[in-house]
Amino acid sequence: QVQLVESGGGLVQPGGSLRLSCAASGNIFSILGWYRQAPGKQRELVATITSGISRNYGDSVKGRFTISRDGAKNMVYLQMNSLKPEDTAVYYCNAVVVTISKRYDYWGQGTQVTVSS
């Protein structure tokens, strides 16, 4: 059974930093990543990282956020720097299992990040 457990959200002032963590278990994941959803908006890509350590970032976070992965521990991290009020959202950990014929996406329960003075 796949489980994704996020931690590290909270309240931070503009310009501050936060680090999100996600512990993934129950399978071998080709891709781990983070998505976010703000009130009234669609869920959007924040960052993903493959097992080959190829990274992809959403345009709004490039240069400010860094995704990393610890393969041995099946952990994925999101270091968020220079946070802005528009980064306020629920952040979801995402894990992808890829087979020959299909892709399976799994989601964590979400962790709230609020950027406000």
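Residues numbered from 1 in each chain as written. Predicted model: local features only at pLDDT ≥ 70, side-chain atom pairs only at ≥ 80, totals over all residues. Heavy atoms only, no water.

*Asks:* How do you make sense of the environment of glycine 52 when you look at a structure like this?
*Replies:* With respect to the helices and strands, the residue glycine 52 is situated in the loop between β5 (44-50) and β6 (55-57). Of the residues examined, glycine 52 reaches a relative accessible area of 62% and is grouped as exposed. Spatially, the C-alpha atom of glycine 52 lies 20 Å from that of leucine 4, the residues being 48 residues apart in sequence. (Helix = DSSP H or I, 4+ residues; strand = E, 2+ residues; numbered from the N terminus. Buried < 20%, exposed > 50% of the residue type's maximum accessible area, 1.4 Å probe, protein only.)

*Asks:* So what exactly am I meant to see when it comes to the state of the cysteines here?
*Replies:* By definition, a disulfide links the sulfur atoms of two cysteines through a covalent bond. According to the stated counting rule, one finds 1 disulfide in the structure shown. Note on cysteine connectivity: cysteine 22 is disulfide-linked to cysteine 93, with sulfurs 2.1 Å apart. Across the disulfide from cysteine 22 to cysteine 93, rotation about the S-S bond amounts to roughly -85 degrees, and the bridge is consequently left-handed. In this pair, cysteine 22 sits in strand β3 (residues 18-25) while cysteine 93 sits in strand β9 (residues 89-98), placing the two residues 71 residues apart along the sequence. The exposure classification of cysteine 22 matches that of cysteine 93, with both residues buried. (Disulfide = S-S within 2.5 Å.)

*Asks:* I would appreciate a short explanation of the pairing of β5 in the present structure.
*Replies:* The side chains of a regular strand alternate between the sheet's two faces. Note that strand β4 (residues 31-37) and β5 share 6 bridges and pair antiparallel. When the bridges of β5 are listed, leucine 32 appears paired with isoleucine 49. Connecting β4 to the antiparallel partner β5 that follows it, the hairpin turn spans 6 residues, and glycine 40 within it adopts a positive phi of roughly 80 degrees. Pairing geometry for β5 and β6, over 3 bridges, is antiparallel. (Pairing = 2+ DSSP bridges.)

*Asks:* It is not clear to me how the sheet that holds strand β1 (residues 3-7) should be interpreted in this structure. Could you clarify?
*Replies:* Hydrogen bonds between backbone groups are what pair the strands of a sheet, and the pairing can be parallel or antiparallel. Pairing within the open sheet is antiparallel, and its 4 strands lie in the order β1-β3-β8-β7. Only two strands of the sheet have a single neighbouring strand rather than two, namely β1 and β7 (65-70). Neighbour-to-neighbour, the strand axes of the sheet open up by a mean angle of 15 degrees, direction not taken into account. Sheet analysis places β7 next to strand β8 (residues 75-80), joined by 6 bridges and oriented antiparallel. (Axes fitted to C-alpha atoms, helices over the stretch in contact; angles between N-to-C directions.)

*Asks:* Quick question: what am I supposed to make of unusual backbone geometry here?
*Replies:* Across the chain, the bulk of peptide bonds are trans and the bulk of non-glycine residues have phi less than zero. One non-glycine residue, asparagine 74, adopts positive backbone phi at about 55 degrees. Tracing the chain through its elements places asparagine 74 in the loop between β7 and β8. Judged by relative accessible area, which is 18%, asparagine 74 ranks as buried.

*Asks:* Help me out: how do you make sense of the environment of valine 96 in this one?
*Replies:* Examined against the element boundaries, valine 96 turns out to sit in strand β9. Separated by 84 residues in sequence, valine 96 and valine 12 place their C-alpha atoms 29 Å apart. Contact partners of valine 96, with chain neighbours within four places excluded, come to Ile28, Phe29, Ser30, Ile31, Arg103, Tyr104 and Asp105. (Contact = heavy atoms within 4.5 Å.)

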